[in-house]
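Residue-level listing of the chains:
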Amino acid sequence: MPAKPVFLRNSKTNKSSAIYVCNPASRQWVKLDWSWDREERGMGLALVPSGSSSEFRLVNLHRLEIEYENHDDLDFTYSFDIYSTRTGKWKTSDDMCLCKYSLVKNLGIYVSGILYWLTDGDVILAFDLENEKSHLINIPVGRHPFKEGPEGCVGEFNGQLYYITIKNTGMQVWILENYYASEWVLESCISLDIMEQDNPKIIYSAAERMENPCDQNPYMDPLAFQDGLLLMKVCSMIVSHRLETGKLKELCTYDTLGPNSFINPMVLPYSMSLVPLQRM
């Protein structure tokens, strides 16, 4: 069976670095060198399969700060570097996006030809890879003005972009209906009391523990969503939540993932199933 390639990036040294892309089916590696001429380069690296399992494109965001003389506001411009295995070269798109927010988790989600990045504001940064056009999409629910970091996660299911957020009123699941008008449809809203009743061994007093909207370490926090399966934080655990059944399953605790994983971890739900290489 063909497998989508998985990319790995080594650490930055002396303003130079390399990206390693591995195809687990063929066990072939591709090394891509590029120069770290700016600290902001390499913020939102995203891998996009293209055609056969051996072809891919890589999109790398480049951020520049814009400072204004008359006030303290700070904006950013994002440009897009694209690598293709068909050409074997990097190129910089002509399109640039003006956005006053920073990216969150450096995570790019690929959905039906478009890449999406969460920001620490009330918009999602999108980039149409075929047309090389960027766009800012308003999230479906407002953010608390004093809450830092993300209040939800983005994901993909059946070729559609999802936005999932958890508050003390419950878990809301939104689907993007109109890309250009930022129109969302509320797919479901599940109260925390119902989730607790269905999963009493995992969730306890959730609504009470989620009362503070400014909590930087919330009791429940959505991390990633793919193919109907949500990965989420519950207290000190990472659990999976199948939206169709409402059942939660404990996967691991944060202390097994290292000291830097507890606050705002990066989760990459590229494939929700792994096939051992010897079985391919």
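In what follows, the structure referred to is the one given above.
Note that this is a predicted model, so its numbers are computed, not measured. (Residues numbered from 1 in each chain as written. Predicted model: local features only at pLDDT ≥ 70, side-chain atom pairs only at ≥ 80, totals over all residues. Heavy atoms only, no water.)

Caption draft 1: Local environment of the pairing of strand β18 (residues 237-242). Buried residues dominate β18, accounting for five of its six residues. Examined bridge by bridge, strand β17 (residues 229-234) and β18 share six bridges and lie antiparallel to one another. Across the sheet, residue Lys-233 finds its bridge partner in β18, namely Ile-238. Hairpin connection from β17 to β18: two residues lie between these consecutive antiparallel strands, with Cys-235 at a positive phi of about 60°. Pairing analysis gives five bridges linking β18 to strand β19 (residues 248-253), with the strands arranged antiparallel. Its bridge partner being in β19, Ser-240 is matched across the sheet by Lys-249. Counted along the chain from β18 to the antiparallel partner β19, the turn is five residues long, and its residue Gly-246 has a positive phi close to 80°. (Buried < 20%, exposed > 50% of the residue type's maximum accessible area, 1.4 Å probe, protein only. Helix = DSSP H or I, 4+ residues; strand = E, 2+ residues; numbered from the N terminus. Pairing = 2+ DSSP bridges.)

Caption draft 2: Region of interest: the pattern of salt bridges. Under the counting rule described, the total for this entry stands at two salt bridges. For Glu-130, the salt bridge identified is with Arg-57, shortest N-O distance 2.9 Å. Taken together, the residues span a long stretch of sequence, with Glu-130 in the loop between β10 (123-128) and β11 (133-138) and Arg-57 in strand β5 (residues 56-67) at a distance of 73 residues. Owing to a relative accessible area of 15%, Arg-57 belongs among the buried residues under this scheme. (Salt bridge = Lys/Arg side-chain N within 4 Å of Asp/Glu carboxyl O.)

Caption draft 3: Just the packing of aromatic side chains, in detail. Evaluated as defined, the whole model comprises eleven aromatic pairs. Relative to Phe-127, the ring of Phe-80 lies with its centre 4.1 Å away and its plane at 10°, an arrangement referred to as stacked. Of this pair, Phe-80 sits in strand β6 (residues 74-84) while Phe-127 sits in strand β10; the two residues are 47 residues apart in sequence, bridging distant segments of the chain. Consider the rings of Tyr-163 and Trp-184, whose centres lie 6.1 Å apart with planes at 65°: the pair is edge-to-face. Of the two residues, Tyr-163 is situated in strand β13 (residues 160-167) and Trp-184 in strand β15 (residues 183-190); the sequence distance between them amounts to 21 residues. For the pair formed by Tyr-163 and Trp-184, the shared burial category is buried. (Phe/Tyr/Trp six-rings, centres within 6.5 Å; stacked < 30°, edge-to-face > 60°.)

Caption draft 4: Structural view of the side chain of Thr-77. Note on placement: Thr-77 falls in strand β6. Setting aside residues up to four positions removed in sequence, Thr-77 forms contacts with His-62, Arg-63, Leu-64, Ile-66, Met-96, Cys-97 and Leu-98. (Contact = heavy atoms within 4.5 Å.)

Caption draft 5: Fine view of the environment of Leu-243. Structurally, the position occupied by Leu-243 is in the loop between β18 and β19. Each C-alpha atom, one on Leu-243 and one on Gly-228, is 6.0 Å from the other, the two residues being 15 residues apart in sequence. Setting aside residues no more than four positions away along its own chain, Leu-243 makes contact with Met-171, Val-173, Phe-225 and Gly-228.

Caption draft 6: Representation of the nonpolar core within the structure. Within the largest apolar cluster, 23 residues are counted, with the highest numbers of intra-cluster contacts made by Met-195, Ile-203, Met-220, Met-232 and Val-234. Setting aside chain neighbours within four positions, we find Val-234 in contact with Ile-202, Ile-203, Tyr-219, Met-220 and Val-239. (Core = buried A, V, L, I, M, F, W, Y, C linked by side-chain atoms within 4.5 Å.)

Caption draft 7: A look at the sheet that holds β18. Ordered by their spatial adjacency, eight strands build an open sheet running β15-β14-β13-β12-β16-β17-β18-β19, and the pairing between neighbours is mixed. Each having just a single partner strand, β15 and β19 make up the two edges of the open sheet. Put simply, the sheet's adjacent strands are angled 25° from each other on average, direction ignored. (Axes fitted to C-alpha atoms, helices over the stretch in contact; angles between N-to-C directions.)

Caption draft 8: Quick look at unusual backbone geometry. One non-glycine residue, Ser-112, lies in the positive phi region at around 50°. The topology assignment puts Ser-112 in the loop between β8 (103-111) and β9 (114-119). Residue Ser-112 is classed as exposed on the basis of its relative accessible area of 56%.

Caption draft 9: Spatial organisation of the sheet that holds strand β7 (residues 89-99). Across the sheet, four strands lie side by side as β4-β5-β6-β7; this open sheet has antiparallel pairing. Whereas interior strands pair on both sides, the edge strands pair on one side only; in this sheet they are β4 (46-49) and β7. Strand-to-strand, the axes of this sheet are offset by a mean angle of 25°, without reference to chain direction. By the bridge criterion, four bridges tie β4 to β5 in an arrangement that is antiparallel. Residue pairing across strands places Leu-47 opposite Leu-58, the latter belonging to β5.

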